[in-house]
Amino acid sequence: MENLVKKAQNRDADAFTALMQSQMQNMYKASRAILANEEDAADAISETILTCWEKMSQLENPAYFRTWMTRILINKCNDILRKKEKLLFTEEIPEIPSQDTGYANMEWNEALKSLDEKYRLVIMLYYVEGYKTSEISMILEIPESTVRTRLARGRQRLAMEYGREEDTADCSSAACGIKDITILENKNVQIQRRRLV
Amino acid sequence: MKQKDTIEILKAEIEIPEIVQKKAAEAFTQIKGEKVSMRKFESTSEKTMNRKSLRPFTRRRMWPAAAAAAVALTVFGAGAAAAYMQWSRGLEEGLRTTAEQRQVLEDKKMASFVGQSVTQGDVTVTMQQSIVDNYFAYLSFKVEGFEVEDGIQPGFSGVSVEVEDSGDYTGGWNASFYDGLVPDNDGRAVHAADGTPLGEGEQISYTMEDGSLEFQVMMQSDRKGCFIGKPIHVELKDLGTYAGKAEDVEVAVEGTWKFDWTLQGSDEVVEYELNTPLGDSGATLLTAELSPISISVSYDFPRQEETEMVMDENGDTMMRTMYAEAPYFSGVRLKDGTMYTRLAGGGAEGYTAEDSDVYESTWALRRVIDVEQVESLLFIKSYPEGEQPLTEENLYIVPVE
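Sequence order as written defines residue numbering, which begins from 1 separately in each chain. Whichever chain is written first becomes A and whichever ligand is written first becomes 1, with later ones labelled in order. Restriction of local features to residues with pLDDT of at least 70 applies here, the model being predicted, together with a cutoff of 80 or more for giving and counting side-chain atom pairs; totals for whole chains, interfaces and linings are based on all residues. To obtain the side-chain values, all non-hydrogen atoms of the structure were included, while hydrogens and water were left out.

Turning our attention to the overall build of chain B. To qualify as a helix, a DSSP run of H or I must reach at least 4 residues; to qualify as a strand, a run of E must reach at least 2; elements of each kind are numbered from the N terminus. For chain B, the count of helices and strands is 6 helices and 23 strands. Relative to its full complement of 401 residues, chain B shows a buried share of 50%. Summarising the internal contacts of chain B: among those between residues at least 6 apart in sequence, 64% fall at separations of at least 24. Note on areas: Shrake-Rupley with a 1.4 Å probe; residue coverage comes only from the protein chains shown. Roughly 18,500 Å² of accessible area belongs to chain B as shown, and the carbon and sulfur atoms make up 45% of that amount. For each residue, the accessible area found with a 1.4 Å probe, counting protein chains only, is set against the maximum for its type, and the residue is called buried under 20%, exposed over 50%, and partly exposed in between. The contact criterion used is simple: two residues touch if any of their non-hydrogen atoms lie within 4.5 Å.

Structure representation (structure tokens):
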């Protein structure tokens, strides 16, 4: 990859295209961890491609290309969220619009929705894209301890979801308590979602 | 769905939706210059749509020319303009010019002064000076009424450059505030004013002695002579600073500073017919055109395929085949023995046509040179270990006389 990065830094458009195409899965998955629909993800990715091309010369170390690119992508996603928030500030916001097309990604979309929004991005970056917690800290500009906390809570939440689905028929009082917390926090997430979408 | 299953499903390769592929393809097309698309300053006005709009280092095809539209400007009278009939500090020291070289560039009309000012809020921006040859154009804008502390980088949130009547060409530009630093002969950052290296932890200063800032634009074209004598329109939008790691400018002064003028310049070059093989690289240097600020060379370079291993996002490896690049232009050796080995600034290179073995390379020079004093051209044969300087062992040396 570093060869492609160096060529792209020398304004080799073909190398840059090959480089970014090799990152499409990563970019799409990360953008969907933030944005609710494909069209917004498409906009964020398109803007990221153009921005990376403009700013390739500012990347000092080719080894950090993926981290750098992901930071740009997340900034673009957040820009889109902010614009939507301004547009829809006083309107009644619907639930997450389901604009995903095709059967092919249905399972993946379901898995994505099963993650709480608050922890979705760090889980995606850590487990799916393979970043270290220190790299995620740099990408999201949050302390590494916060990354670790979100990862742990995200894992816990997934475990609780699993427990809720598996144990509804016969749960102990302790398990029921956890489920209550889950439901309460899910309501909070709903509120946040309505504000952001 | 179990926790592990969820993670595994998310890790699995998925189908990239059509809308994502389509928009990505449009971005790649824009980058490769196969389609014109305004981005930073989208406008549907006929005036703008008929202009040639340049994007930083993008390659794009341009539309036919249209008549220039009048834009309200403050243009200095003869007396006031005289105050700006002096070289911008950024171009004077950034290109490491001597007084004699500056006079030569002025005499050739390669360097010219504009003195056009626009004020928005408390900030006055003056289009001060340009240097234009066949392939490159430097523009320098003086920014007054805006202060930044040392270590803080100023920036405009949007920059638009449009050159009219330039025919069908590809090109690009980049722009930034001048920071007083230039690369030395070994590629290390040094202060342009006195050649001292940038100290560890030293805060970079963008402020001139008189408190002003200088914003520089460098434009490049693949087509010879496409800037000289052409009307140009520049818009600088919303002035501010880059805060921390933020990618976008934090705007401090809102406004758009617009400039219209006609680029002067000189197409004067020294041409060489060389027909010199570059060692065992497979490339034969055919011609070279040298101006005080740029070089354009052509090679005969039969295509050599290079296959390399690349890694995709899942860590899987795959093979990719590309063409080898001709030896890079590195610099010049002067008749007095002075070697400038890292002279190539921004540039472009590649085959002239899909079915041609002629390979062209055009580079801006990092410093103004006296073309009559050039004894040899230097091309990279190999790179030394680490940060060692380039020596003759690393170079193909091609005498021009």
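Below, the discussion takes up the packing of helix 7 (residues 117–128) of chain A against helix 8 (residues 133–140) of chain A. Residue and element names in this part refer to chain A. Fitting a line to C-alpha atoms yields each axis, with helices limited to the stretch in contact; the angle taken between N-to-C directions then spans 0 to 180 degrees. Following both chains from N to C, one finds helix 7 and helix 8 inclined at 135°, their axes separated by 10 Å at the closest point. When the interaxial angle is binned, helix 7 and helix 8 end up oblique. Regarding helix 7 and helix 8, the two cross each other, and that crossing is right-handed. Between helix 7 and helix 8, the residues in contact are Leu121, Val122, Leu125 and Tyr126 and Thr133, Ile136, Ile139 and Leu140, respectively. Each residue gets one label: Ala, Val, Leu, Ile, Met, Phe, Trp, Tyr, Cys and Pro are nonpolar, Asp, Glu, Lys and Arg are charged, and the others, such as Gly, are polar. In terms of residue class, the contact of helix 7 with helix 8 is made up of 7 nonpolar, 1 polar and no charged. By the definition adopted for this analysis, an angle is roughly parallel if under 35 degrees, roughly antiparallel if over 145, roughly perpendicular if from 65 to 115, and oblique otherwise. It is the rotation of the near helix from the far one that decides the hand of a crossing: anticlockwise by less than a right angle makes it left-handed, clockwise makes it right-handed.

Attention shifts here to the environment of A:Thr70. Residue and element names in this part refer to chain A. Within the secondary structure, threonine 70 sits in helix 5 (residues 65–87). You can call threonine 70 buried: its relative accessible area is 1%. Spatially, the C-alpha atoms of threonine 70 and threonine 48 are 8.7 Å apart, while their sequence positions differ by 22 residues. Other than its neighbours up to four places away in sequence, threonine 70 contacts Leu125, Glu129, Tyr131 and Ile139. At 2.7 Å, the side chain of threonine 70 and the backbone oxygen of arginine 66 are in polar contact. In protein, a polar contact means a hydrogen-donor-capable atom and an acceptor-capable atom, both N or O and within 3.5 Å, with residues adjacent in sequence counting only if both atoms are side-chain atoms; elsewhere, any N or O pair within 3.5 Å suffices.

Once that is clear, we can look at helix 1 (residues 2–9) of chain A. Of the residues making up helix 1 of chain A, those classed as buried are A:Leu4, A:Val5, A:Lys7, A:Ala8 and A:Gln9. Of the residues flanking the end of helix 1 of chain A, it is A:Arg11, one or two places downstream, whose phi is positive at about 65°.

All right, on to the pattern of salt bridges then. Note on definitions: salt bridges are taken to be side-chain nitrogens of Lys or Arg within 4 Å of carboxyl oxygens of Asp or Glu. Under the defined criterion, the tally for this structure stands at 11 salt bridges over all chains. Here A:Asp43 makes a salt bridge to B:Lys23, at a shortest N to O gap of 2.4 Å. With A:Asp43 in helix 4 (residues 38–55) and B:Lys23 in helix 2 (residues 18–32), the pair connects residues from two separate chains. Between B:Lys224 and B:Glu289 there is a salt bridge, with its nearest N and O atoms 2.9 Å apart. Of this pair, B:Lys224 sits in the loop between strand 10 (213–221) and strand 11 (231–242) while B:Glu289 sits in strand 14 (residues 284–290), placing them 65 residues apart in sequence. The class of B:Lys224 is partly exposed, set by a relative accessible area of 40%.

Bringing the environment of B:Met127 into the picture now. Counting through the fold element by element, B:Met127 comes out in strand 4 (residues 123–132). Beyond its immediate sequence surroundings of up to four residues, B:Met127 is in contact with B:Val114, B:Gly115, B:Gln116, B:Leu139, B:Ser140, B:Phe141, B:Phe259 and B:Trp261.

The next subject is the sheet that holds strand 13 (residues 270–277) of chain B. Residue and element names in this part refer to chain B. Should DSSP find at least two bridges between two strands, the strands are taken to pair. The antiparallel open sheet is built from 5 strands, whose spatial order is 13-14-15-21-20. Two strands lie at the open edges of the sheet, namely strand 13 and strand 20 (344–351), each paired on one side alone. Going across the sheet, the axis of each strand differs from the next one's by a mean of 15°, ignoring polarity. When strand 13 meets strand 14, the two strands line up antiparallel, connected through 6 bridges. Across the sheet, residue threonine 276 finds its bridge partner in strand 14, namely leucine 285.

For the rest of this paragraph, the subject is the nonpolar core. Residues and elements named next belong to chain A. Here, the term nonpolar core denotes a set of buried Ala, Val, Leu, Ile, Met, Phe, Trp, Tyr and Cys residues that are joined through side-chain atoms within 4.5 Å. Formed by 65 residues in total, the largest nonpolar core has its most connected members in Phe16, Met20, Ile49, Phe65 and Leu140. Considering each element in turn, this core owes the most residues, 9 residues, to helix 5. Those residues in contact with phenylalanine 65 that sit more than four places away from it in its chain are Met1, Val5, Leu19, Met20, Gln23, Met56 and Leu59.

Residues and elements named next belong to chain B. Taken in spatial order, the 4 strands line up as 19-18-22-23 in an open sheet, and their pairing is antiparallel. Whereas interior strands pair on both sides, the edge strands pair on one side only; in this sheet they are strand 19 (339–340) and strand 23 (395–399). Inspection of the sheet shows strand 18 (residues 329–334) paired to strand 22 (residues 374–380) by 5 bridges, in the antiparallel sense. Pairing of glycine 331 across the sheet is with leucine 378, part of strand 22.

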